[in-house]
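Working through the structure, step by step
The residues making up each chain are set out below.
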Amino acid sequence: MIWDEKHECMPREQLKELQLKRLKSVVRRVYKNVPYFRKKVDALGLKPADIQSLEDLQKLPFITKHELRETYPFGLFATPMKEVVRIHSSSGTTGKPVVAGYTRADLNLWAELMARTLTAGGTTAEDIVQNAYGYGLFTGGLGIHYGAEKIGATVVPISGGNTARQLLIMEDFGVTVLTCTPSYSLQIAEVAEEKGLDMRKLKLRVGFFGAEPWSDEMRKEIEERLHVRAMDLYGLTEVIGPGVAAECEHRCGLHIYEDHFIPEIIDPDTGKVKPDGQTGELVLTCTTKQAFPVIRFRTRDIAKLEYGKCECGRTFARMNRVTGRTDDMLIIRGVNVFPSQIEAVLVGIEEAEPHYQLIVRKDGPMDTLEVQVEVDQQLFSDEIKRLEQVERKIAHEIASMLGIHAKITLVEPKTIERSMGKAKRVIDLRKEG
Ligand code: DLL
């Protein structure tokens, strides 16, 4: 199903014309209204009039998360505060949070994009959507909320947490659509299993999971345990929140809403744009947002773009599922490792549960990686030999898939802290000396 066929299926030539028109306009507007941007553009000897083609975007400077912090809180807003009707913010792990402002038009756009996203996964006005993303400054809750209302679905604005109540409502209200982080969905499944609730008996049929990296293996696990079709959606506070890209029913990448966001893939070391189809850092430009339009924002997310035609009829580029960020990539004894790669190994091991944490330490000059993973309680009552076997099996799989040696620590169920939002997968103790 397609929410806005006119735009989502626009012939690419026409789409490019629209992109260029919008790009020129946003560059002019931000140059005029945001001194920080103007200074950077002037320093390069450029003027907005130098942007005459989509390729000219490459002449413009990047904006990084670090710079957003320097201009905290409202330094990059391109409209007067009296036009800003909402603020969201993402906490991040270090430094000041990023603050995003929305005009009324921005909120309408956001609801439209979320309507596209939910429709692409089969949501209609008939559905009851249990929205377990956090409400508040986080963009997940309210972003999904207004998109679901826009298509006329019934929203249950439950927010995250209180899992027993989530299940009760799901059952009593006949909820058909669940929205939350992939890690929280597994916690819901875990509590259902404990309560002896058979999720097959629920009406739940589809889930929209995002806000953190997850693997295809994790998707299978979620689908089996929750009896839903699991759809991936991507977005970030700096750009709009959820509603930047999402999967269609064919699930062969996430369609980026290119009529509002222009994607580029760059080499994170040189900043050069990479040829189509290569993997690199995703850079996004907002062309229609009013209050907070970022130009060439370096997302630090690692992605690859595909421009081929999709069977669904949408003409937008597709990005592959984001499996890591340039800043959560661990370099362990010279080997690049993403938490999602370890997750993919763990999900394939029968005895392991999908709850894990990676602990990185420095042992003299050497980095060491410990993988703590929960296993079935049953295993602890078996002989110690069984535990050792499982540990060896996991270590072996990790070594053969990723080429690194990891210390495996099996822990009892519920040892690893559960999160109702984004899961904390890595504890890096190297930075603390
Ligand atoms: O997480 C927005 C969102 C809410 C997306 C609900 C989807 C659903 P931030 O808190 O600013 O915004 O975090 C953005 O989360 O740069 C990615 O690293 C990561 N991320 C978001 N969606 C995905 C996804 C929201 N589907 C950061 N797969 C982004 C992998 C994701 N990573």
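Higher on the page you've got the structure.
Read on for a plain summary of the structure. Keep in mind it's a predicted model, so treat the numbers as computed, not measured.

Scoring rules and cut-offs
Residues numbered from 1 in each chain as written. Predicted model: local features only at pLDDT ≥ 70, side-chain atom pairs only at ≥ 80, totals over all residues. Heavy atoms only, no water. Buried < 20%, exposed > 50% of the residue type's maximum accessible area, 1.4 Å probe, protein only. Helix = DSSP H or I, 4+ residues; strand = E, 2+ residues; numbered from the N terminus. Arc of directions from axis to C-beta. Contact = heavy atoms within 4.5 Å. Near = heavy atom within 4 Å. Polar contact = N/O pair within 3.5 Å; in protein donor to acceptor, adjacent residues only side chain to side chain. Pairing = 2+ DSSP bridges. Axes fitted to C-alpha atoms, helices over the stretch in contact; angles between N-to-C directions. Salt bridge = Lys/Arg side-chain N within 4 Å of Asp/Glu carboxyl O. Phe/Tyr/Trp six-rings, centres within 6.5 Å; stacked < 30°, edge-to-face > 60°. Lys NZ or Arg CZ within 6 Å of the ring centre and 35° of its normal. Patch = residues over 30% accessible without salt bridge, like charges linked within 9 Å, V, L, I, M, F, W, Y side chains within 5 Å. Areas by Shrake-Rupley, 256 points an atom, 1.4 Å probe, with all protein chains shown as cover. Parallel < 35°, antiparallel > 145°, perpendicular 65-115°, else oblique. Nonpolar A, V, L, I, M, F, W, Y, C, P; charged D, E, K, R; others polar.

What follows concerns helix 3 (residues 35–43). Of the positions making up helix 3, those classed as buried are Phe37, Lys40 and Val41. Buried residues of helix 3, viewed axially, fall in a sector of 95°; they line one side. The outward face of helix 3, more than 90 degrees from its buried face, is lined by the exposed residues Lys39 and Ala43. Those residues of helix 3 that are buried lie in contact with helix 2 (12–33) and helix 4 (65–70). Among the residues trailing helix 3, glycine 45 stands out with phi positive, at a value near 70°.

For the ligand, the set of nearby residues contains 20 residues, the closest of which are Asp232, Leu233, Thr237, Asp301 and Lys422. A distance of 3.0 Å separates a nitrogen atom of the ligand from a polar atom in the backbone of alanine 211. The contact in question runs from an oxygen atom of the ligand to an N or O atom on the side chain of arginine 325, over 3.0 Å. Looking at the shell around the ligand, the elements that each hand over two or more residues are helix 6 (139–150) and strand 7 (229–236). Counting residues per element, the shell around the ligand draws most heavily on strand 7, at five residues.

Turning next to the sheet that holds strand 17 (residues 366–375). The four strands lie next to each other as 18-17-16-19, forming an open sheet whose pairing is mixed. Each end of this open sheet is capped by a strand with a single partner; those strands are strand 18 (407–411) and strand 19 (426–428). In this sheet, neighbouring strand axes are inclined to one another by 20° on average, regardless of whether the strands run parallel or antiparallel. For strand 16 (residues 352–363) and strand 19, the ladder comprises three bridges, and the chain directions are parallel. By the bridge assignment for strand 19, valine 360 is matched with aspartate 428. Where helix 10 (residues 339–347) meets the sheet, its contacts fall on strand 16, strand 17 and strand 19, and the angle it forms with strand 16 comes to roughly 135°. Of the strands in this sheet, strand 16, strand 17 and strand 18 are in contact with helix 12 (residues 384–402), which crosses strand 18 at around 135°.

It is worth spelling out the pattern of salt bridges at this point. Inspection of the entire model under this criterion finds 35 salt bridges. For aspartate 4, the salt bridge is made with arginine 116, and the minimal N-O distance between the two is 3.3 Å. Residue aspartate 4 is found in the segment before helix 1 (5–8), and its partner arginine 116 is found in helix 5 (residues 104–120); the two are separated by 112 residues along the sequence. Note on accessibility: aspartate 4 and arginine 116 belong to one class, buried. Put simply, arginine 200 and aspartate 198 hold a salt bridge, and the shortest N to O gap is 3.3 Å. A relative accessible area of 59% places arginine 200 in the exposed class. Of the residues examined, aspartate 198 reaches a relative accessible area of 26% and is grouped as partly exposed. Taken together, the shared-partner salt bridges in this structure form one network comprising Asp216, Arg219, Asp232, Glu247 and Arg321.

On to the pairing of strand 1 (residues 84–90). Consecutive residues of a regular strand have side chains that alternate between opposite faces of the sheet. Counted residue by residue, strand 1 has five buried out of seven residues, so it is predominantly covered. The sheet contact formed by strand 1 and strand 2 (residues 98–103) spans six bridges and is antiparallel. Looking across to strand 2, one finds that isoleucine 87 is bridged to glycine 101.

Our next topic: the sheet that holds strand 12 (residues 297–306). Within the open sheet, the 11 strands sit side by side as 4-3-5-6-7-8-9-13-12-11-10. Their pairing is mixed. The open sheet has two edge strands with one neighbour each: strand 4 (154–156) and strand 10 (261–266). Summarising the sheet, strand 7 and strand 8 (residues 241–247) pair through four bridges and their orientation is antiparallel. Looking across to strand 8, one finds that leucine 233 is bridged to alanine 246. The strands touched by helix 8 (residues 182–194) within the sheet are strand 5 (177–180) and strand 6 (206–210), with strand 5 carrying the most contacts at an inclination of about 125°. Packing of helix 9 (residues 216–226) onto the sheet brings it into contact with strand 5, strand 6, strand 7 and strand 8, and relative to strand 7 it is tilted by some 130°.

Under the definition given, this model contains six aromatic pairs. Measuring from centroid to centroid gives 6.5 Å for tyrosine 133 and phenylalanine 138, while their planes differ by 50°, and the two rings are tilted. Pairing phenylalanine 209 with tryptophan 214 gives two aromatic rings, centres 5.9 Å apart and planes at 85°, and the pair type is edge-to-face. As far as burial versus exposure is concerned, phenylalanine 209 and tryptophan 214 are alike and both buried. Every member of this aromatic cluster is reached through a ring pair, and the members are Phe74, Phe77 and Phe292. Taking NZ or CZ as reference, arginine 321 lies 4.6 Å from the ring centre of tryptophan 214, over its face.

On to a nonpolar patch on the surface. A contiguous nonpolar patch, built from Phe74, Met81, Ile87 and Leu137 and spanning about 340 Å² of accessible area, is present on the exposed surface. Tracing the backbone through its elements, the reader meets leucine 137 in the loop between strand 3 (128–131) and helix 6.

Between helix 7 (residues 163–173) and helix 8, the least distance of the axes is 9 Å, while the angle of their chain directions is 80°. Of the possible angle classes, the one that applies to helix 7 and helix 8 is roughly perpendicular. Residues Thr163, Gln166, Leu167 and Met170 of helix 7 form the contact with helix 8, whose own contacting residues are Tyr184, Gln187, Ile188, Val191 and Ala192. Class assignment for the residues of the contact of helix 7 with helix 8 results in six nonpolar, three polar and no charged.

By the criterion of burial, strand 2 is predominantly enclosed, with six of the six residues buried. Residues of strand 2 alternate between two faces, with Val98, Ala100 and Tyr102 on one and Val99, Gly101 and Thr103 on the opposite face, all of them buried.

Quick look at unusual backbone geometry now. Between tyrosine 72 and proline 73 the backbone carries a cis peptide bond, its omega angle lying at -5°. Note that proline 73 resides in the loop between helix 4 and strand 1. Here serine 159, not a glycine, exhibits a phi torsion of approximately 65°, which is positive. The backbone of arginine 296 sits at a positive phi, close to 55°, despite the residue not being glycine. Here arginine 296 shows up in the loop between strand 11 (279–286) and strand 12. Take arginine 296: its relative accessible area is 2%, and that puts it in the buried class.

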